[in-house]
Amino acid sequence: MTEEKNIVIIGSGMAGYTLLREIRKIDKAAKLTLICADNGDFYSKPMLSNALDKQKDPDALITTRADQMVETLDFELINKTFVTAIDSTNQCIHSDRKTWHYQSLVLATGARPIRLPIMGDGSQDMISINHLDHYRHFFQKLAGVESIAIIGPGLIGCEFANDLASQGKKVSVIGPDPWPISNQLPQEVGAYLQQKLEALDIRFYIRNSVQSIIKDHKAYNLILQDGQRLDVDLVLSAVGLQANLDLAVGTELMTHRGFVTDDMLRCSNEHIYALGDCAEVKGRHMPYILPIMQGARALAKTLCGEPTKVTYPPMPVAIKTPACPTVVLPPHDRNTAAWQITHSENGVKALCYENGHLAGFALAGDSVSEKQTLVREIPPLL
Amino acid sequence: MNKWECIVCGFIYDEAEGLPDEGIAPGTKWEDIPDDWMCPDCGVSKDDFEMVQV
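Reading guide: rules and limits
Residues numbered from 1 in each chain as written. Chains lettered and ligands numbered in written order. Predicted model: local features only at pLDDT ≥ 70, side-chain atom pairs only at ≥ 80, totals over all residues. Heavy atoms only, no water. Helix = DSSP H or I, 4+ residues; strand = E, 2+ residues; numbered from the N terminus. Rg over C-alpha atoms; globule rule 2.2 N^0.38 Å. Buried < 20%, exposed > 50% of the residue type's maximum accessible area, 1.4 Å probe, protein only. Contact = heavy atoms within 4.5 Å. Areas by Shrake-Rupley, 256 points an atom, 1.4 Å probe, with all protein chains shown as cover. Lys, Arg positive; Asp, Glu negative; His and termini not counted. Charge placed at Lys NZ, Arg CZ, Asp CG, Glu CD. Pairing = 2+ DSSP bridges. Axes fitted to C-alpha atoms, helices over the stretch in contact; angles between N-to-C directions. Parallel < 35°, antiparallel > 145°, perpendicular 65-115°, else oblique. Left-handed = near helix turned anticlockwise from the far one by under 90°. Nonpolar A, V, L, I, M, F, W, Y, C, P; charged D, E, K, R; others polar. Domains from an automatic or database assignment. Buried area = accessible area lost by both parts, 1.4 Å probe. Salt bridge = Lys/Arg side-chain N within 4 Å of Asp/Glu carboxyl O. Polar contact = N/O pair within 3.5 Å; in protein donor to acceptor, adjacent residues only side chain to side chain. pLDDT = per-residue confidence, 0-100. Phe/Tyr/Trp six-rings, centres within 6.5 Å; stacked < 30°, edge-to-face > 60°.

**Description of the overall build of chain A**
(1) Moving on: Across its full length, chain A holds seven helices and 26 strands.
(2) Moving on: The C-alpha radius of gyration computed for chain A amounts to 22 Å, which stays within 12% of the reference 21 Å derived for 382 residues, consistent with globular compactness.
(3) Moving on: Dimensions of chain A along its principal axes, counting C-alpha atoms only, are 70 × 55 × 35 Å.
(4) Moving on: Expressed as a percentage of the 382 residues in chain A, the buried residues total 56%.
(5) Moving on: For chain A, long-range pairs separated by at least 24 residues make up 60% of all intrachain contacts whose partners lie at least 6 apart in sequence.
(6) Moving on: Counting every atom, chain A has about 17,200 Å² of accessible surface; 49% of that belongs to carbon and sulfur.
(7) Moving on: Of the charged side chains in chain A, 37 are positive and 43 negative; the average position of the first set lies 2 Å away from that of the second.

Below, the structure is given as structure tokens:
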């Protein structure tokens, strides 16, 4: 008789639930347990930053309730529970009340928003959104708000800026970056996106930063590095995410920008795996949807007895700014990338070649229609 | 003709429009799309789409 598989997953985000789905597609019998801090409803995190324009209130974002997930996928859900420690020697995990044994453990703990240390009594009121509950809080605050400052002109900051401006809010975006989404987009494409967002009356304060946030009745006074002052009703912080690695404490698990894994998503312990925003796979920390999908498919096979390496085809990232649809596939080495820029009437296209081969691209406006054709020219990452 | 929405990213497949960029002709019914097809925006599988009322 073969031993029954006992797989424990920590985290009910896109990574945890996608893995559950993929496992169930190939193994109906494995014993699956999912432990999570929230109540386990399934929702799409990428939709949080463009939900307003889609007229979605927080509850409408829940695509499947926790009890329906349990019914369809047949697993044990331990919700509203914080796992406090991993005992890798005895293959068990602890919460403050209980202990669970695992044969294989999957860390899908995600990431948490980075909070910049900003002076002033208003800085603690900054809202960061990386969970449905954060969105709920934000949604409630939004009533009566006319002006919003977004700290961080990155991907999430730009998506929220577009979404809020589409609701008639007065939006300012602030950050030290030389142009929007400068960690992924070449200058010309970032500038094009900025121009399209400015056409919605979004104001950019780039190469700048927020020095202090002072509470003033129901509003906030922001003092910028260059001395300018902004008065707004709400401050959103979108300066990036860091992997949630708390469970590494007291274990031998190696961490860097995420739990360090090999190409089977295995951590530095043979029974523990990591998937999604909390994982750094062969040196790559890619907190996006496509890597989760690719990883979940490979990991499901591995956990079900067929060791499978994760493969990363070219994975473009779509930036959900309806005012300027944008898609980017950054080249592996962004620092030395030389971009060839082509402007068209309603778009801009940037291509990056390495050794005569297409290595990356950034497309904005009408040019996004070329995505599929360009993707086919790019070799897989892993 | 129906529309199908990706439960992860909200991408909409409109049978009437097809996806000519991917070689799926306008008018292609959902059931005629290959089973290994994936969402062009986020890579979820065909199973993870739901029909949306228009």
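**Overview of the sheet that holds strand β17 (residues 234-237) of chain A**
Residue and element names in this part refer to chain A.
(1) Moving on: Pairing in this open sheet of four strands is parallel, and the strands run β13-β12-β11-β17 from one edge to the other. Each end of this open sheet is capped by a strand with a single partner; those strands are β13 (203-206) and β17. Taking each pair of neighbouring strands and ignoring which way they run, the sheet shows an average axis angle of 20°.
(2) Moving on: Relative to β17, strand β11 (residues 147-151) is paired through four bridges, and the arrangement is parallel. Opposite Ala149, over in β17, you have Val235 as the bridge partner.

**Focus on the packing of helix α1 (residues 14-26) of chain A against helix α6 (residues 289-303) of chain A**
Residue and element names in this part refer to chain A.
(1) Moving on: Contact geometry of α1 with α6 gives a least axis separation of 8 Å together with a crossing angle of 40°. With respect to their mutual orientation, α1 and α6 come out oblique. The handedness of the crossing between α1 and α6 comes out as right-handed. Between α1 and α6, the contacting residues are Met14, Ala15, Thr18, Leu19, Glu22, Ile23 and Ile26 on the first element and Ile289, Ile292, Met293, Ala296, Arg297, Leu299, Ala300, Lys301 and Leu303 on the second.
(2) Moving on: The class makeup of the residues in the contact of α1 with α6 is 12 nonpolar, one polar and three charged.

**Examining the domain arrangement of chain A**
Residue and element names in this part refer to chain A.
(1) Moving on: Annotation of chain A at the domain level lists domain 1 (6-112 + 242-303), domain 2 (115-237) and domain 3 (325-375).
(2) Moving on: Counting from both sides, the interface comprises 18 residues of domain 1 and, opposite them, 18 residues of domain 2.
(3) Moving on: Taken together, both faces of the contact between domain 1 and domain 2 bury some 1,600 Å²; the carbon and sulfur share is 58%.
(4) Moving on: The three residues of domain 1 that bury the most area against domain 2 are Ser49, Leu52 and Pro58, which together make up 42% of that side's buried surface.
(5) Moving on: Where domain 1 touches domain 2, the interface holds one salt bridge.
(6) Moving on: Where domain 1 meets domain 2, there are 12 residue pairs in polar contact (both at pLDDT 80 or more).
(7) Moving on: Residues belonging to the side of domain 1 that touches domain 2 are distributed by class as follows: nine nonpolar, two polar and seven charged.

**Side note on unusual backbone geometry**
Residue and element names in this part refer to chain A.
(1) Moving on: We note that Gln55 has phi near 60°; this positive angle belongs to a residue other than glycine.
(2) Moving on: Mapped onto the elements, Gln55 comes out in the loop between β3 (42-43) and β4 (62-64).
(3) Moving on: Gln55 gets classed as exposed once you look at its relative accessible area, which sits at 65%.
(4) Moving on: Positive phi, close to 75°, is recorded for Asp201, a residue that is not glycine.

**What about the environment of Arg65 of chain A?**
Residues and elements named next belong to chain A.
(1) Moving on: Within the fold, Arg65 resides in the loop between β4 and α2 (66-73).
(2) Moving on: Using a relative accessible area of 43% as the deciding quantity, one classes Arg65 as partly exposed.
(3) Moving on: The spatial distance from the C-alpha of Arg65 to the C-alpha of Ala248 is 30 Å, given a sequence separation of 183 residues.

**Here we look at the confidence of the model for chain B**
Residue and element names in this part refer to chain B.
(1) Moving on: When pLDDT is averaged across chain B, the result is 85; 96% of the residues are at 70 or more.
(2) Moving on: The spread of mean pLDDT over the elements of chain B runs between strand β3 (residues 49-52), the lowest at 82, and strand β2 (residues 12-14), the highest at 91.
(3) Moving on: Among the scores for the predicted complex, ipTM is 0.72 and pTM is 0.92.

**Let's talk about the pattern of salt bridges**
Residue and element names in this part refer to chain A.
(1) Moving on: All told, the structure shown has 18 salt bridges over all chains when counted by the stated rule.
(2) Moving on: Two residues, Arg136 and Asp59, come together in a salt bridge whose shortest N-O distance is 2.9 Å. With a gap of 77 residues between them, Arg136 in helix α3 (residues 132-142) and Asp59 in the loop between β3 and β4 connect regions that are remote in the sequence.
(3) Moving on: Using a relative accessible area of 26% as the deciding quantity, one classes Arg136 as partly exposed.

**Some details on the packing of aromatic side chains**
All names here are of chain A.
(1) Moving on: Evaluated as defined, the whole model comprises 11 aromatic pairs over all chains.
(2) Moving on: Measuring from centroid to centroid gives 6.0 Å for Tyr17 and Phe75, while their planes differ by 75°, and the two rings are edge-to-face. Here the residue Tyr17 occupies a position in helix α1, and Phe75 occupies one in the loop between α2 and β5 (76-78), the gap between them amounting to 58 residues. For the pair Tyr17 and Phe75, a shared accessibility class is recorded, and that class is buried.

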